[in-house]
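Each chain is listed here by its residues.
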Amino acid sequence: MSGANEIHITPGMQRYIDKNNAYLAERDRYIREVVKKSKFDTIAVHGLYTMEDALEDYQGSIIEPIFMSTAQAFHDSDEMAAALGYLIPSWSYSRIANPSTYYYEWTLALLEGYGFDGHTECCSTSSGMAAIMTAVQPFLVHRFHNVLERRNFVATAQCYGGTFQQFQVRLAEERDVECRWVEDPTNLDEWASKIDKETRFLYGELPSNPGLGFFDIEAVADLAHSHDLPLIVDSTVATPALLRPICHGADIVVQSATKTLTSSGFGIAGAVIARSPLVTTIDNDALKNNFAIYVKYLPNRDYGPNLHPLQAVMSLNDMRTLRTKMDRMSQSTMKVARFLETHPNVESVQYLGLPDHPLHELASKYLWLVDAEHDELYGKPVNRYGHLMSFCVKGGPERAREFFDGLQRIWRATDLGRIKSVATIPSISTHQQQGEEGRLLAGIPPNLVRLCVGGEHPDDVIADLDQALHRIGTSTTAAVTR
Ligand SMILES: *Cc1c(COP(=O)(O)O)cnc(C)c1O
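Residues numbered from 1 in each chain as written. Predicted model: local features only at pLDDT ≥ 70, side-chain atom pairs only at ≥ 80, totals over all residues. Heavy atoms only, no water.

1. Some thoughts on the sheet that holds strand E5 (residues 178-182)
The seven strands are arranged E1-E9-E8-E7-E6-E4-E5 in an open sheet whose pairing can be described as mixed. Lying at the two open borders of the sheet, with one neighbouring strand each, are strand E1 (119-125) and E5. With direction set aside, neighbouring strand axes in the sheet form an average angle of 20°. In this structure, strand E4 (residues 152-156) lies alongside strand E6 (residues 199-205), joined through three bridges in parallel fashion. Residue Val154 lies in a different strand from E6, and its bridge partner there is Leu202. The strands that helix H5 (residues 99-112) touches are E1, strand E8 (252-256) and strand E9 (270-276); relative to E1, the one it contacts most, it runs at about 135°. Sheet strands touched by helix H9 (residues 217-226): E6 and strand E7 (231-234). Its angle to E7, the strand with the most contacts, is close to 150°. (Pairing = 2+ DSSP bridges. Helix = DSSP H or I, 4+ residues; strand = E, 2+ residues; numbered from the N terminus. Axes fitted to C-alpha atoms, helices over the stretch in contact; angles between N-to-C directions. Contact = heavy atoms within 4.5 Å.)

2. With respect to the pairing of E8
Along E8, five of the five residues are buried, which leaves the element largely enclosed by surrounding structure. Where burial is concerned, the two faces of E8 agree: the one with Ile252, Val254 and Ser256 and the one with Val253 and Gln255 are both buried. Sheet topology note: the E7/E8 ladder contains three bridges and is parallel. In the strand pairing of E8, Val233 is matched with Val253. Pairing between E8 and E9: five bridges, direction antiparallel. Looking across to E9, one finds that Gln255 is bridged to Ala271. (Buried < 20%, exposed > 50% of the residue type's maximum accessible area, 1.4 Å probe, protein only.)

3. What to know about a nonpolar patch on the surface
A contiguous nonpolar surface patch, about 270 Å² in accessible area, is contributed by Ile66, Met68 and Leu310. Tracing the chain through its elements places Ile66 in the loop between helix H3 (51-57) and helix H4 (77-84). (Patch = residues over 30% accessible without salt bridge, like charges linked within 9 Å, V, L, I, M, F, W, Y side chains within 5 Å. Areas by Shrake-Rupley, 256 points an atom, 1.4 Å probe, with all protein chains shown as cover. Salt bridge = Lys/Arg side-chain N within 4 Å of Asp/Glu carboxyl O.)

4. Looking at the packing of aromatic side chains
Tallied over the full model, the rule gives 17 aromatic pairs. Ring geometry for Tyr49 and Tyr58: centres 6.0 Å apart, planes at 10°, overall stacked. The same class applies to Tyr49 and to Tyr58, which are both buried. Above the plane of the ring of Tyr160 lies Lys259, whose end atom (NZ or CZ) is 4.7 Å from the centre. Note that Lys296 overlies the ring of Tyr297, its terminal NZ or CZ placed 5.8 Å from the centroid. (Phe/Tyr/Trp six-rings, centres within 6.5 Å; stacked < 30°, edge-to-face > 60°. Lys NZ or Arg CZ within 6 Å of the ring centre and 35° of its normal.)

5. Thoughts on the layout of surface pockets
Considering only enclosed or pocket space, the largest pocket measures out at about 1,600 Å³ in volume. Listing elements by their share of the lining of the largest pocket, those giving two or more residues are helix H1 (11-33), H3, H4, H5, E1 and helix H12 (291-297). With twelve residues, the top contributor of residues to the lining of the largest pocket is H1. The calculated volume of the second largest pocket comes to roughly 320 Å³. Forming the boundary of the second largest pocket are 25 residues, of which Gly128, Met129, Tyr160, Ser256 and Lys259 lie nearest the centre. Put simply, the parts of the chain that give the lining of the second largest pocket at least two residues each are helix H6 (128-136) and E8. Two domains each provide a minimum of three residues to the lining of the second largest pocket, namely domain 1 (4-319) and domain 2 (322-481). (1 Å grid on protein atoms, 1.4 Å probe; cavity = no way out; pocket = protein on both sides within 12 Å on 5 of 7 lines; lining within 4 Å. Points joined across faces, edges and corners; volume = space filled by probe spheres on them. Domains from an automatic or database assignment.)

6. Here we look at empty space enclosed by the protein
Scanning the entire structure with this criterion turns up two cavities of 30 Å³ or more. Of the pockets and cavities examined, the largest cavity occupies roughly 90 Å³. Lining the largest cavity are 13 residues; nearest its centre among them are Arg95, Ile96, Ser124, Asn306 and Leu307. Secondary-structure elements contributing two or more residues to the lining of the largest cavity are H5 and E1. A per-class count over the lining of the largest cavity returns four nonpolar, six polar and three charged. Its volume calculated, the second largest cavity comes out at about 30 Å³. Around the second largest cavity, the lining residues are Thr262, Ser264, Phe266, Gly267, Gln311, Met314, Ser315 and Asp318. (Nonpolar A, V, L, I, M, F, W, Y, C, P; charged D, E, K, R; others polar.)

7. Brief notes about the domain arrangement of the chain
Assigned domains of the chain: these are domain 1 (4-319) and domain 2 (322-481). Between the C-alpha centres of domain 1 and domain 2 the distance comes to 30 Å. With 44 residues of domain 1 at the contact, the number on the domain 2 side is 44 residues. In total, about 3,500 Å² of surface goes out of reach between domain 1 and domain 2, with carbon and sulfur atoms giving 65% of it. (Buried area = accessible area lost by both parts, 1.4 Å probe.)

8. Quick notes on the sheet that holds strand E13 (residues 422-424)
Ordered by their spatial adjacency, five strands build an open sheet running E10-E11-E14-E13-E12, and the pairing between neighbours is mixed. Bordering the open sheet on either side are strand E10 (346-350) and strand E12 (411-412), each of which pairs with just one other strand. Relative to E13, E12 runs parallel, the two sharing two bridges. Bridged to Trp411 within E13 is Val422. On top of the sheet, helix H15 (residues 322-341) reaches E10, strand E11 (388-393) and strand E14 (448-452); it is set at about 10° to E11, its chief contact. Contacting E11, E12, E13 and E14, helix H17 (residues 397-405) runs over the sheet at an angle of about 125° to E11.

9. Section: the nonpolar core
In this structure, Leu202, Leu340, Phe391, Phe403, Leu451 and Leu465 are the most contacted members of the largest nonpolar core, which totals 97 residues. Per-element tally for this core: the top contributor is H5, with seven residues. Counting contributing residues, this core receives three or more from each of domain 1 (4-319) and domain 2 (322-481). Among residues more than four places away in sequence, those in contact with Leu340 are Val346, Val349, Met389, Phe391, Leu451, Leu465 and Leu469. Trp91, Cys123, Ile232 and Leu278 belong to the second-largest nonpolar core, a separate cluster that totals 38 residues. (Core = buried A, V, L, I, M, F, W, Y, C linked by side-chain atoms within 4.5 Å.)

10. A look at the site of the ligand
Among the 14 residues in the neighbourhood of the ligand, the closest are listed as Gly128, Asp234, Ser256, Thr258 and Lys259. Contacts to the ligand include Met129, whose backbone N or O atom sits 2.9 Å from an oxygen atom. In the model, a nitrogen atom of the ligand is placed 2.6 Å from a nitrogen or oxygen of the Asp234 side chain. When the ligand is considered free in solution it has 380 Å² of accessible area, and contact with the protein chains removes 94% of it. (Near = heavy atom within 4 Å. Polar contact = N/O pair within 3.5 Å; in protein donor to acceptor, adjacent residues only side chain to side chain.)

Written out as structure tokens, the structure is:
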């Protein structure tokens, strides 16, 4: 895998390789014959952690053990040489791999690949931002076909504030990699007009945070592939419970597992999930054939943005109930959005579930509660739109802050995806650093409130919004008549 050195294989090493090839063949069979035939909830609960793993290796522990160990010991020099040559599946050193993060990675690979015919694999990362860096950097190699070349990529302007900073400041301004922002991602011509010979990948966030931008994944994936480019999608807001971009042609998915995937709020985590093989103009077979494994064993070994095993198991534990949480929180958000729509102190409400949202129809093509047709409750496919919404408070930015300061149950925090309802004003928090121009590009007005509805009873969330909106109702009269 390292490519540079030929590894001399001794007979002792070969015995380890044979033994581990048998193990890998058995794992492939298990994925094919057991896991791929299980429903989404079953995969979310068990992933690749088998009864056999538990009984034979982990003293019967029914929960994946937390391997708080920096390194793995080997039986002998043959095993060590085979392991460090990446000839056998081992973990060696926790910056490279770890048994706990292994289970986290496989659950995510299988959930994002649910319903997909091909193969998916995952590389865990310490955060969502590290996942984005891990996903984009390998395509931005400077020396390409042995000459130094100019590089650009095309990305949706409506994206997470941290992504904007990474692309605009770290890559464009500091490293001379041109980021070409797409302002209307529903316009395929705009995407197409920004692609040229120096383009390395297309990148899209959907639904975007906080603007709820959306685009036609299949059409953009087709466009990317017609130029031999990969499509990378940030699917944090949807989670695999509502959308699996790889099934629609995307090559790589990045997830901030910090958010809805876990929803508990214990800590930061991320993941890169890729189909293998994927489409790229980069001349690197390892990267092409299994992107997730490539980044895990080479670039990330060298950069070190790895996930801690304790966080991996805590995040994994939270993901087991993803589908039911997402169903419930989506329905509550719909109820809250309908309430806000009719409120006199609310200027506008943005939620993809509302029929008059301009992207409602497009979003409805893609956002489906996974396995609703196998659910006793529904017995047919049902659309669900997630728990992120936003709205503009009437009367401008000061009124928005008055409302915000009046919240008593909903937390004021720059967070989302929580089991607890959280609100933020993006223009003074997540999108503060990108300035007026950047916010305009991303479509963030100063009176916009981002709301992520949690697992509370929706009536209690509504009551809190109502009392906070009424507070500004009483003091706006003077301002309005002035
Ligand atoms: C939060 C977020 C990220 C970054 O994730 P971290 O885990 O905070 O690093 C990336 N994309 C989206 C859409 C996000 O909401």
